[in-house]
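A structural walkthrough
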Amino acid sequence: MTTPLVFLSGAGLPAWVWDDVRSRLDAPTTVARYAKGGARLTQVVDGVVADLPDAPCHLVAHSIGGVVAAGVLGRAPERIAAVTAVCAIVPAAGDSFTDALPAPQRYVMGAMVRLLGTRPPASVLRAQLTAALPDDVADRVVSDFEPESRRLYLDRVPDHAWPADRAYLLTTEDREFPVPLQRRYAARVGADPTTVAAGHLPMLSHPAEVASAVSRATHPA
């Protein structure tokens with residue numbers, strides 16, 4: 001039986017960013033939707049769990065999707081067969097997205113989220129998120145960016161355990177999360193990371209490599 005795939009996107013990203021990866025995978029795929037507005041992390045997680053396939057599935061978690069994955073693993077571990085983290089932030093149990101950042105970034109991010117919300121200026125998105133992407137793709141990402149709930153950044157993840165089939169894809173050209181930080185997150189997942197010479201959106205710049213990493217996590221050698 002083919003394991004269904006559920007994609008947990010990075011903050012603000014539209015579902016279409018996964019299209020090229022999904023087309024390369026021989027499995028049923030869906031992109032999870034996150035509760036918006038003032039939703040707490042528990043509400044985001046409850047919404048994702050409610051929409052999971054009936055069969056145990058494979059989570060593909062990008063960036064802040066690592067926070068959502070941790071919440072799902074704490075809430076419904078029996079529903080998850082495998083996880084692939086793609087340059088994902090992975091808080092320790094009892095920590096939040098902002099807690100998982102190094103100082104002083106955690107303090108700056110926490111203050112910005114509380115005071116300014118979760119939509120960065122277009123100039124920041126272009127510099128940090130879409131650098132090295134073709135202009136038309138970068139324009140579309142920025143145009144379609146949709147702010148997340150503040151609580152997704154600030155609420156703490158529950159106790160959780162990662163499944164036996166797990167992987168971490170580390171992006172070596174990432175302007176969001178540098179390599180040493182991603183190695184720390186990979187260690188929390190308990191995975192020896194695979195690397196790709198990509199920025200923070202490898203599903204757009206290197207879809208074949210992302211699809212290959214996902215396939216290896218479900219069918220380890």
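Relevant structure appears above.
Residues numbered from 1 in each chain as written. Predicted model: local features only at pLDDT ≥ 70, side-chain atom pairs only at ≥ 80, totals over all residues. Heavy atoms only, no water.

1. Overview of the pattern of salt bridges
Note on pairing: side chains with opposite charge can pair once their charged atoms come close. This model, assessed by the stated rule, comprises six salt bridges. Across the salt bridge formed by R140 and D144, the nearest N and O atoms sit 3.9 Å from each other. With R140 and D144 both in helix α6 (residues 135–144) and four residues apart, the pair spans about one turn of that helix. With a relative accessible area of 43%, R140 lands in the partly exposed category. According to the relative accessible area criterion, D144 is partly exposed, its value standing at 32%. Through salt bridges with shared partners, a single network forms among R40, R151 and D155. (Salt bridge = Lys/Arg side-chain N within 4 Å of Asp/Glu carboxyl O. Helix = DSSP H or I, 4+ residues; strand = E, 2+ residues; numbered from the N terminus. Buried < 20%, exposed > 50% of the residue type's maximum accessible area, 1.4 Å probe, protein only.)

2. A short note on the packing of aromatic side chains
For the structure shown, the criterion picks out three aromatic pairs. Aromatic pair F97 and Y153: ring centres 5.1 Å apart, planes at 75 degrees, arrangement edge-to-face. Of this pair, F97 sits in the loop between β4 (80–86) and α4 (105–116) while Y153 sits in helix α7 (residues 151–154), and the two are 56 residues apart along the sequence. Across the pair, Y153 and F97 agree in class, each one buried. (Phe/Tyr/Trp six-rings, centres within 6.5 Å; stacked < 30°, edge-to-face > 60°.)

3. Considerations on the sheet that holds strand β5 (residues 165–171)
Here six strands make up an open sheet; going across it, the order is β2-β1-β3-β4-β5-β6 and the pairing parallel. Single-partner strands in this sheet number two, and they are β2 (29–31) and β6 (194–196). Strand after strand, the sheet turns through a mean of 20 degrees between neighbouring axes, direction not considered. Across three bridges, the pairing between strand β1 (residues 5–8) and β2 is parallel. Residue pairing in the sheet places L5 in a bridge with T29 of β2. Seen against the sheet, helix α10 (residues 207–218) touches β1, β3 (57–62), β4, β5 and β6 and runs at an angle of roughly 150 degrees to β4. (Pairing = 2+ DSSP bridges. Axes fitted to C-alpha atoms, helices over the stretch in contact; angles between N-to-C directions. Contact = heavy atoms within 4.5 Å.)

4. A few points about the environment of G110
Mapped onto the elements, G110 comes out in helix α4. A residue is classified by how much of its surface remains accessible, and G110, at 3% relative accessible area, is buried. Between the alpha carbons of G110 and L154 there is a distance of 7.3 Å; along the sequence they are 44 residues apart. Those residues within four positions of G110 in sequence are excluded, and the remaining contacts are T98 and L154.

5. Quick look at the packing of helix α2 (residues 41–50) against helix α3 (residues 65–75)
Relative orientation of the contacting elements α2 and α3 amounts to 70 degrees, with a least axis distance of 9 Å. One element, α2, and the other, α3, form an angle in the roughly perpendicular class. In this structure, α2 uses L41, V44, V45, D46, V48 and V49 to contact α3, whose residues at the interface are V67, V68, G71, V72 and R75. Partitioned by chemical class, the residues of the contact of α2 with α3 number eight nonpolar, one polar and two charged. (Parallel < 35°, antiparallel > 145°, perpendicular 65-115°, else oblique. Nonpolar A, V, L, I, M, F, W, Y, C, P; charged D, E, K, R; others polar.)

6. Quick word on the pairing of β3
Successive side chains on a regular strand alternate, one facing one side of the sheet and the next facing the other. For β3, the tally of buried residues reaches six of six residues, placing the bulk of the element in the interior. Of the two faces of β3, both are covered, the one formed by C57, L59 and A61 as well as the one formed by H58, V60 and H62. Direction of pairing for β1 relative to β3: parallel, over a ladder of four bridges. Across the sheet, residue F7 finds its bridge partner in β3, namely V60. Sheet topology note: the β3/β4 ladder contains six bridges and is parallel. Residue pairing across strands places A61 opposite A85, the latter belonging to β4. Crossover connection from β3 via α3 to parallel β4: handedness right-handed. (Right-handed = clockwise from strand over helix to strand, strands pointing away.)

Everything listed is a geometric property; what it means functionally is a separate question.
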